[in-house]
Amino acid sequence: MINSYATSTGNITNTPVSVLFNLSSNSSDSKFFEYNNGCTNNEITEVEIAAGSNSTFFCYYDTKEGNPVIEIKPKNNWSTVSQAQTILVGPLDHFDLEFESSQTNNEVFSGINKVYAKDIGGNTITDYNSPQKWMGVSISVSNGATLENFDLDASDFIDGVANLKDFKYIGSAGLIKFSVISNNGKRGEADVNIAHGSLDHVKILDNEGNVVNNYELSVDDVLNLYAAGYDVSDNYFEITGNWELIEGDLEGIDFQNPSNSLILDPSIAFRSGKIRITSDLKTTQTGLITIKHGILDHFSLSQ
């Protein structure tokens with residue numbers, strides 16, 4: 001409110017003519033709004049003291065915490081006036097999540113990972129841990145995976161910021177959405193790319209991606225075996241390893257160690273055996289692979 005028109009002697013009096021005032025603030029997050037029996041949504045940059053009046057009203061909006069200064073500059077020869085305002089941090093509106101963009105499954109998160117309690121203007125609520133401000137917090141992920149050491153309480157928020165430490169995500173790899181939610185539904189989200197974890201177990205797959213248990217093929221066939229690595233959550237990744245025949249008398253095996261795959265191209269029927277692969281001290285083996293004769297190709301005669 002511009003609350004008076006004063007003469008040079010300081011006496012309040014009505015202005016004989018209307019006077020326009022430019023409105024400005026040194027805060028970059030400020031706005032001025034028209035007043036009409038209350039603040040309206042009509043944004044303005046100037047106000048007027050009408051002729052025959054000594055005051056006018058306007059509304060000031062600012063989202064940045066601090067002490068901004070409002071400047072009111074008349075468009076005639078009157079003196080410019082200014083006044084400092086005090087903008088306080090508001091109630092919890094949302095959380096900002098500062099998470100590293102990439103992490104590894106089943107490993108303690110690396111880098112800087114923080115949760116900020118924010119008001120509507122993006123100001124950090126430095127006393128969010130106080131009983132008057134605390135609205136609780138929980139962390140969840142979009143795919144329902146397991147989270148370890150993700151529990152947060154008021155004491156974790158120091159000056160409105162919680163540093164997440166010693167926590168793990170255990171679940172599917174890929175782009176995962178993490179959500180932080182307060183008891184009254186205020187939230188924040190961040191996407192984190194979860195890479196597969198360290199090798200937990202190995203499988204041997206056939207041409208169609210099936211695990212090779214007991215298997216039969218003829219001398220007319222070729223069997224490609226593939227090494228598949230999996231972490232503790234069964235996320236697949238390609239590995240190499242050392243292949244070996246551990247049982248039987250199979251032939252036609254091209255051992256190229258270390259390798260991701262192995263080719264079995266038999267030429268002698270009625271043989272069998274088992275093949276094993278070892279990678280990073282993790283090992284697995286096939287079931288019994290049996291070689292059958294091929295389809296009839298010709299007859300041979302003997303005397």
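Look a little higher up for the structure.
Thresholds, definitions, all that
- Residues numbered from 1 in each chain as written.
- Predicted model: local features only at pLDDT ≥ 70, side-chain atom pairs only at ≥ 80, totals over all residues.
- Heavy atoms only, no water.
- Pairing = 2+ DSSP bridges.
- Helix = DSSP H or I, 4+ residues; strand = E, 2+ residues; numbered from the N terminus.
- Axes fitted to C-alpha atoms, helices over the stretch in contact; angles between N-to-C directions.
- Buried < 20%, exposed > 50% of the residue type's maximum accessible area, 1.4 Å probe, protein only.
- Phe/Tyr/Trp six-rings, centres within 6.5 Å; stacked < 30°, edge-to-face > 60°.
- Lys NZ or Arg CZ within 6 Å of the ring centre and 35° of its normal.

Colleague: Explain the sheet that holds strand β9 (residues 102-104) to me, and be specific about the residues and the numbers.
Modeller: Spatial ordering of the open sheet is given by β9-β17-β16-β11, a layout of 4 strands whose pairing is mixed. Taken across any chain shown, the strands that pair with only one partner, and hence form the sheet edges, are β9 and β11 (138-141). Ignoring which end each strand starts from, the neighbouring axes of this sheet average 35 degrees apart. Of the pairings in the sheet, the one linking β11 to strand β16 (residues 174-181) comprises 4 bridges and is antiparallel in character. Its bridge partner being in β16, serine 140 is matched across the sheet by serine 179.

Colleague: Could you give an account of the pairing of strand β6 (residues 69-74), naming the residues involved and the relevant values?
Modeller: Here β6 shows one buried face, formed by Ile70, Ile72 and Pro74, and one open face, formed by Val69, Glu71 and Lys73. Direction of pairing for strand β1 (residues 19-25) relative to β6: antiparallel, over a ladder of 5 bridges. Pairing of leucine 23 across the sheet is with isoleucine 72, part of β6. The sheet contact formed by β6 and strand β7 (residues 81-84) spans 4 bridges and is antiparallel. Considered in β7, the bridge of glutamate 71 is made with serine 82. In textbook terms, the turn of a hairpin is the stretch between consecutive antiparallel strands, and for β6 and β7 this stretch comprises 6 residues.

Colleague: Explain the sheet that holds strand β2 (residues 30-35) to me, and be specific about the residues and the numbers.
Modeller: Pairing is antiparallel in the open sheet, where 3 strands are placed in the order β3-β2-β5. In the strand order of this sheet, the two ends are held by β3 (39-44) and β5 (58-62), each with one partner. For this sheet the average axis-to-axis angle between neighbouring strands, irrespective of direction, equals 45 degrees. Where β2 and β3 come together, 3 bridges link them in antiparallel fashion. Among the inter-strand pairings, phenylalanine 33 is bridged to a residue of β3, identified as glutamate 43.

Colleague: Explain unusual backbone geometry residue by residue, including any values.
Modeller: With an omega of -10 degrees, the peptide bond between asparagine 257 and proline 258 qualifies as cis. Mapped onto the secondary structure, proline 258 falls in the loop between β23 (253-254) and β24 (261-264). Positioned with a positive phi, asparagine 37 is a non-glycine residue whose angle comes to about 55 degrees. Mapped onto the elements of the fold, asparagine 37 is located in the loop between β2 and β3. For asparagine 37, a relative accessible area of 76% translates into the label exposed.

Colleague: Tell me what's going on with the packing of aromatic side chains, and back it up with residues and numbers.
Modeller: One pass over the structure, following the stated rule, counts 18 aromatic pairs. Ring geometry for phenylalanine 150 against phenylalanine 167: centres 4.3 Å apart, planes inclined by 70 degrees, an arrangement best described as edge-to-face. With phenylalanine 150 in the loop between β12 (146-148) and β13 (157-158) and phenylalanine 167 in the loop between β14 (161-163) and β15 (168-170), this residue pair connects regions lying 17 residues apart in the sequence. According to the relative accessible area criterion, phenylalanine 150 is buried, its value standing at 6%. By the ring-pair criterion, three or more aromatic residues cluster together here, those being Phe99, Phe109, Phe150, Phe167, Tyr169 and Phe178. Over the ring of tyrosine 230 we find lysine 203; its NZ or CZ atom is 4.6 Å from the centre of that ring.

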